[in-house]
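# Residue-level structural notes
What follows is each chain in one-letter form.
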Amino acid sequence: MRSNQLRKLFPTVRRFQAENRTLHTGQIASGPNVLITGGLGQLGTGLARQLRARHGEETVILSDIIKPEVEEIEKGPFIFADVLDFKCLQEIVVNKRIDWIVHFSALLSAVGENNVPLAVRVNIEGLHNVMELSKQYKLKLFVPSTIGAFGPESPRNPTPNLCIQRPKTIYGVSKVHAELLGEYYNKRFNLDFRCLRFPGIISYDSHPGGGTTDYAVQIFHDALTTGKHTCYLRPDTRLPMMYIDDCLRSTIEFMLTPNERLSTRTYNVHAMSFTPAELYEEVKKLVPHLEIEFKPDGRQTIADAWPMVFDDSVARRDWDWEPRIPLEKLVDIMITNLRQAYNKE
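Now for a quick tour of the structure. (Residues numbered from 1 in each chain as written. Predicted model: local features only at pLDDT ≥ 70, side-chain atom pairs only at ≥ 80, totals over all residues. Heavy atoms only, no water.)

What follows concerns the sheet that holds strand S8 (residues 200-202). Ordered in space as S8-S10-S12, the three strands form an open sheet in which the pairing is mixed. One side of each edge strand has no neighbouring strand; the edge strands of this open sheet are S8 and strand S12 (272-274). Here the strands of the sheet are splayed against their neighbours by 45° on average, with no regard to which way each runs. As paired elements, S8 and strand S10 (residues 239-243) share three bridges and run parallel to each other. Following the sheet pairing, Gly 200 is matched in S10 by Met 241. Across the sheet, helix H8 (residues 215-224) touches S8, S10 and S12, and the angle it forms with S8 is around 25°. Against the sheet, helix H9 (residues 244-256) touches S8 and S10, its axis set at about 80° to S10. (Pairing = 2+ DSSP bridges. Helix = DSSP H or I, 4+ residues; strand = E, 2+ residues; numbered from the N terminus. Axes fitted to C-alpha atoms, helices over the stretch in contact; angles between N-to-C directions. Contact = heavy atoms within 4.5 Å.)

Right under this line is the structure:
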């Protein structure tokens, strides 16, 4: 083979080697260097744990502006990162040789409504920073979206992947902005932008964080402590939900899907839909003494504009998405693990 042909072949060989690092010796595969912003929230620590298990603990850097617990420091790298500080983020990307950014930094729906100026800065200006960095350094960028990206004009049962979006919260507005800007950067600059619209996410190892769907986490804590739950939504308010393991798995599977399989940059993902009344009945099967009282507040107005059921057929078609945890299993997981946690205290 001629020398010029060899030179043309070497980059292909190197790229193949870089993309196929899983060895047949049982060693952990070396993967991309990942920066997770807003990493100490509900999703960041779980995603870091799973990615570190796949690729090694040094490949994933958690970042946030709050002080981590000692056990988080012991699990792997943590660094201070303010998403509003472009230079700070740039130094991390360069010094740590970052390949992926997973951008979890955001003020959630109910919290954002109470501080709109801060929500605009964090949810929109912070997004602009990570998107510009991803463009400049050719990174793969994941930004989660939400059921809150839809509004009362959207079809609610089911809500398709592509339809009118007129959200009525600053959280939802910022997420539609992220979806559209990411799609533009993909078309204009070839940025590998990826986005999943998540339902309400339920997990036992984090406390409710101010979202409209957080009653579905709080009810489990109340069941095992006070025995009484006060719900801020009507009993018939149906919303899409997902257990965190399905959420994290969808993120990893989506990020590893080859570009050529993606027909869009933003996908709905769905697992189940239920009402507060239906969840209460399921929890009562394991905690029979649980009582519930319904006192709808301002979050009811938000929930009434959101999807009742997500249509995720496009994700199932393009990259074989399939949830694994139904409502009954979710309730069993939550009660079992929270009961153990409270018994230790």
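Additional details are given in the paragraphs that follow.
Once that is clear, we can look at the pairing of S10. Counting buried positions along S10 gives five out of five residues, so the element sits mostly inside the fold. Taking every second residue as pointing to the same face, both faces of S10 are buried, with Leu 239, Met 241 and Tyr 243 on one and Pro 240 and Met 242 on the other. Pairing of S10 with S12, which is carried by three bridges, proceeds in the antiparallel orientation. Note that in S12 the partner of Leu 239 across the bridge is Phe 274. (Buried < 20%, exposed > 50% of the residue type's maximum accessible area, 1.4 Å probe, protein only.)

For the structure shown, the criterion picks out 21 salt bridges. A salt bridge links Arg 299 to Asp 297; the shortest N-O distance between them is 2.6 Å. By relative accessible area, Arg 299 is classed as partly exposed at 25%. When salt bridges with common partners are traced through the structure, they connect Asp 192, Arg 194 and Arg 265 into a single cluster. (Salt bridge = Lys/Arg side-chain N within 4 Å of Asp/Glu carboxyl O.)

Next up on the list: the packing of aromatic side chains. Two numbers describe a pair of aromatic rings. These are the distance of the centres and the angle of the planes. Summed over all chains, the structure comprises twelve aromatic pairs. A centroid spacing of 6.5 Å and a plane angle of 85° characterise the contact between Phe 104 and Phe 142, whose relative ring orientation is edge-to-face. Residue Phe 104 is located in the loop between strand S4 (100-103) and helix H5 (109-114), and its partner Phe 142 is located in strand S5 (residues 140-142); the two are separated by 38 residues in the primary sequence. Pairing Phe 254 with Tyr 267 gives two aromatic rings, centres 5.4 Å apart and planes at 75°, and the pair type is edge-to-face. One end of the pair, Phe 254, is in helix H9; the other, Tyr 267, is in strand S11 (residues 266-268), with 13 residues separating them in the sequence. Taken together through their ring pairs, the aromatic side chains of Phe 104, Phe 142, Phe 198, Phe 254, Tyr 267, Trp 319 and Trp 321 make up a single cluster. Taking NZ or CZ as reference, Lys 135 lies 4.5 Å from the ring centre of Phe 189, over its face. Of note, Arg 194 hangs over the ring of Phe 254, and the distance from its end group to the ring centre comes to 5.8 Å. (Phe/Tyr/Trp six-rings, centres within 6.5 Å; stacked < 30°, edge-to-face > 60°. Lys NZ or Arg CZ within 6 Å of the ring centre and 35° of its normal.)

Here we take up a nonpolar patch on the surface. Among the surface-exposed residues, Ile 65, Ile 66 and Phe 80 lie close enough to one another that they form a single nonpolar patch of about 320 Å² accessible area. When you line up the elements, Phe 80 lands in strand S3 (residues 78-80). (Patch = residues over 30% accessible without salt bridge, like charges linked within 9 Å, V, L, I, M, F, W, Y side chains within 5 Å. Areas by Shrake-Rupley, 256 points an atom, 1.4 Å probe, with all protein chains shown as cover.)

What follows covers unusual backbone geometry. Note: most peptide bonds trans; most residues except glycine with negative phi. Between Asn 157 and Pro 158 the backbone carries a cis peptide bond, its omega angle lying at 0°. As for its position among the elements, Pro 158 is in the loop between strand S6 (145-146) and helix H7 (170-189). The backbone phi angle of Asn 190 is positive, close to 65°, even though this residue is not glycine. Locating Asn 190 in the fold gives a position in the loop between H7 and strand S7 (192-198). In this structure Asn 190 comes out as exposed when scored by relative accessible area, which is 65%.

Read these as geometric descriptors, not functional statements.
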